[in-house]
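# Tertiary structure, described
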Amino acid sequence: MARISDLLQRGPTFSFEFFPPRTDEEKDRLSQTIQDLEPLHPSFVSVTYRGGRSSRERTTAVVTDIIRSRAITAMPHLVCVAHSRGELEEIVGGFIEAGVENLLALGGDPVAEEGPGELKHAAELVELARALGGSSIGVAAHPAGHPRSPDRESDRRHLAAKLALADFGITQFFFHVEDYLRLREELADLGLSKPVIPGIMPILSLASVKRMSELAGYQVPADVVDRLGPLEDDPQEFRRVGIELAGELCRQLLEAGAPGLHFYTLNFSKATLEIYRSLELRAQWGGPRAGRAEHGRQGGHPPSERETIA
Ligand code: FAD
């Protein structure tokens with residue numbers, strides 16, 4: 001398996017985020033989605049830590065299964081809030097032993113089944129993983145600022161300090177390229193130039209994306225609501241415009257030199273595939289897919305959207 005920190009040096013990465021299934025139905029859907037998206041030869045996929053402590057087995061199972069049975073680099077997410085320091089050491093050590101070379105180190109949101117939460121911030125988890133031998137560690141970035149931050153400036157300072165310890169960042173979803181450019185400029189002003197991969201969420205339902213945005217402390221921009229709102233009674237046209245908007249954002253981000261695109265798939269594949277197809281930039285992708293993208297485009301069977309950004 002490849003290290004994402006190395007892949008990012010080769011060129012833009014193209015990656016998908018999945019959440020670990022809880023039910024048999026979700027399990028079947030994820031299997032089908034992975035099968036559908038595999039022909040695109042993603043640079044890597046990531047698997048969320050969904051719902052606190054109980055995600056330990058589920059996230060680990062999905063990641064190790066992908067690594068064992070498919071030629072795809074898979075990265076687990078891990079959250080501070082769910083576990084004690086000792087448990088986090090055990091989990092990270094287990095990942096390393098199982099050959100998992102990448103980790104997305106997160107603070108996590110308070111959950112009902114919250115654990116002891118000895119580590120207060122994601123940066124401490126980065127340090128813990130590094131001390132255990134982790135060599136390709138990502139962290140979360142929030143273009144609009146984290147909802148618990150008193151202001152964007154302090155959030156940027158904490159993010160810069162966290163990124164200085166880590167290898168790369170992945171952003172929360174957003175809908176205007178300017179949000180990403182501002183994040184990059186503000187980090188550059190703080191002396192940070194580590195790669196930060198934009199997170200892409202295609203809008204297929206205004207209600208659900210508004211709900212997820214609220215949870216992430218972000219407001220769906222008015223122009224996006226104005227464009228999609230009148231189409232809510234026409235699902236086909238809504239979907240077409242939602243995909244078109246996401247495709248436009250991807251193109252703008254790549255033109256602006258973003259180091260990759262990370263798709264929140266919500267364990268569905270169709271929207272991601274449609275956006276991928278609309279991008280005429282396949283040949284330039286970095287990572288294991290480079291040079292094989294054309295095969296994926298022709299031979300790939302069209303597949304079939306992240307639960308809440310956990
Ligand atoms: P942190 O970096 O710890 O930041 C949290 C808050 O603390 C911010 O306001 C920050 O400014 C502040 N802060 C940081 N350091 C300090 C310091 N030293 N002193 C004072 N304040 C500080 N959640 C899940 O539960 N599971 C997932 O799998 C998951 N995947 C995600 C993937 C991505 C790409 C993203 C963007 C988010 C994901 N989340 C996930 C959500 C994330 O856990 C929440 O947004 C969480 O509230 C903050 O996580 P963080 O890693 O940014 O935390």
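Keep in mind that this is a model prediction, so the values were computed, not measured.

### A closer look at the site of the ligand
Contacts to the ligand come from 26 residues, most closely from Asp109, His146, Ser149, Asp155 and Lys162. Between an oxygen atom of the ligand and a side-chain N or O atom of aspartate 155, the distance comes to 2.6 Å. Calculation on the ligand without its partners gives an accessible area of 980 Å², and the protein chains cover 86% of this total. Among the secondary structure elements, those contributing two or more residues to the shell around the ligand are β3 (74–79), β4 (102–106), α6 (152–165) and β6 (168–173).

### What to know about helix α2 (residues 24–37)
Between its terminal C-alpha atoms α2 stretches 20 Å, which fits the 20 Å expected from 14 residues at 1.5 Å a residue. Taken together, the buried positions of α2 are Glu26, Leu30, Thr33, Ile34, Asp36 and Leu37. Here the buried residues of α2 occupy an arc of 160° about the axis, which is enough to place them on one side. Exposed side of α2, more than 90 degrees from the buried face: Asp24, Glu25, Lys27 and Asp28 are the residues found there.

### Points about the pattern of salt bridges
Taken as a whole, this structure holds 14 salt bridges when the rule is applied. A salt bridge links glutamate 248 to arginine 227; the shortest N-O distance between them is 4.0 Å. Residue glutamate 248 is located in helix α10 (residues 235–255), and its partner arginine 227 is located in helix α9 (residues 222–228); the two are separated by 21 residues in the primary sequence. As a salt-bridge pair, glutamate 237 and arginine 240 come within 2.7 Å of each other at their nearest N and O atoms. Taken together, the residues glutamate 237 and arginine 240, both in helix α10 and three residues apart, mark about one turn of the helix. Salt bridges sharing common partners tie together Arg227, Glu237, Arg240, Glu244 and Glu248.

### Some points on unusual backbone geometry
Unusually for a residue other than glycine, histidine 41 sits at a positive phi of about 50°. Mapped onto the elements, histidine 41 comes out in the loop between α2 and β2 (44–47). At leucine 266, a position not held by glycine, the phi torsion is positive, near 55°. Along the chain, leucine 266 falls in the loop between β8 (260–264) and α11 (270–278). Accessibility expressed as a relative area gives 16% for leucine 266, which makes it buried.

### A word on the packing of aromatic side chains
As enumerated under the stated definition, the model contains eight aromatic pairs in all. Considering the side-chain rings of phenylalanine 14 and tyrosine 276, the 4.6 Å spacing of their centres and the 55° angle between planes classify their relative orientation as tilted. Here the residue phenylalanine 14 occupies a position in strand β1 (residues 13–18), and tyrosine 276 occupies one in helix α11, the gap between them amounting to 262 residues. Residue phenylalanine 14 shares its accessibility class with tyrosine 276, and that shared class is buried. Seen in terms of ring centroids, phenylalanine 173 and tyrosine 264 are 6.4 Å apart; in terms of plane orientation they differ by 80°. Their pairing is edge-to-face.

### Comments concerning the environment of valine 62
Take valine 62: it is sitting in helix α3 (residues 55–69). What makes valine 62 buried here is its relative accessible area of 11%. When the C-alpha positions of valine 62 and phenylalanine 18 are compared, they lie 9.3 Å apart, and in sequence the two are 44 residues distant. Not counting chain neighbours up to four residues away, the residues in contact with valine 62 comprise Pro20, Pro21, Leu30 and Val47.

Criteria and thresholds
Counting restarts for each chain, with residues numbered from 1 along the sequence as it is written. Under the rules for a predicted model, residues below a pLDDT of 70 receive no local features and side-chain atom pairs below 80 are neither given nor counted, while totals for whole chains, interfaces and linings still include all residues. Here the side-chain values reflect all heavy atoms present in the structure, with hydrogen atoms and water set aside. Whether a residue is near a molecule or strand is decided by its heavy atoms; if any one of them lies within 4 Å of it, the residue is near. Nitrogen and oxygen atoms within 3.5 Å of one another constitute a polar contact, given that in protein one can donate a hydrogen and the other can accept it, and given that sequence-neighbouring residues count only through two side-chain atoms. Where accessible areas are quoted, they stem from the Shrake-Rupley method and a 1.4 Å probe; at the residue level, only the protein chains shown are allowed to cover. Here a helix means four or more residues in a row that DSSP labels H or I, a strand means two or more in a row labelled E, and each is numbered from the N terminus. Expected helix span is taken as 1.5 Å per residue step, with the number of steps being one fewer than the number of residues. Each residue gets one of three labels from its accessible area relative to the maximum for its type: buried under 20%, exposed over 50%, partly exposed in between, using a 1.4 Å probe on protein chains only. Directions drawn from the helix axis to the C-beta atoms are what define this arc. Salt bridge criterion: a side-chain nitrogen from Lys or Arg within 4 Å of a carboxyl oxygen from Asp or Glu. Each Phe, Tyr or Trp ring, with Trp reduced to its six-membered ring, pairs with another whose centre is within 6.5 Å; inter-plane angles below 30 degrees give stacked pairs, above 60 give edge-to-face pairs, and intermediate values give tilted ones. Here, two residues are considered to be in contact whenever any of their heavy atoms come within 4.5 Å of each other.

Such coordinate-based values are descriptive only and should not be taken to indicate function.
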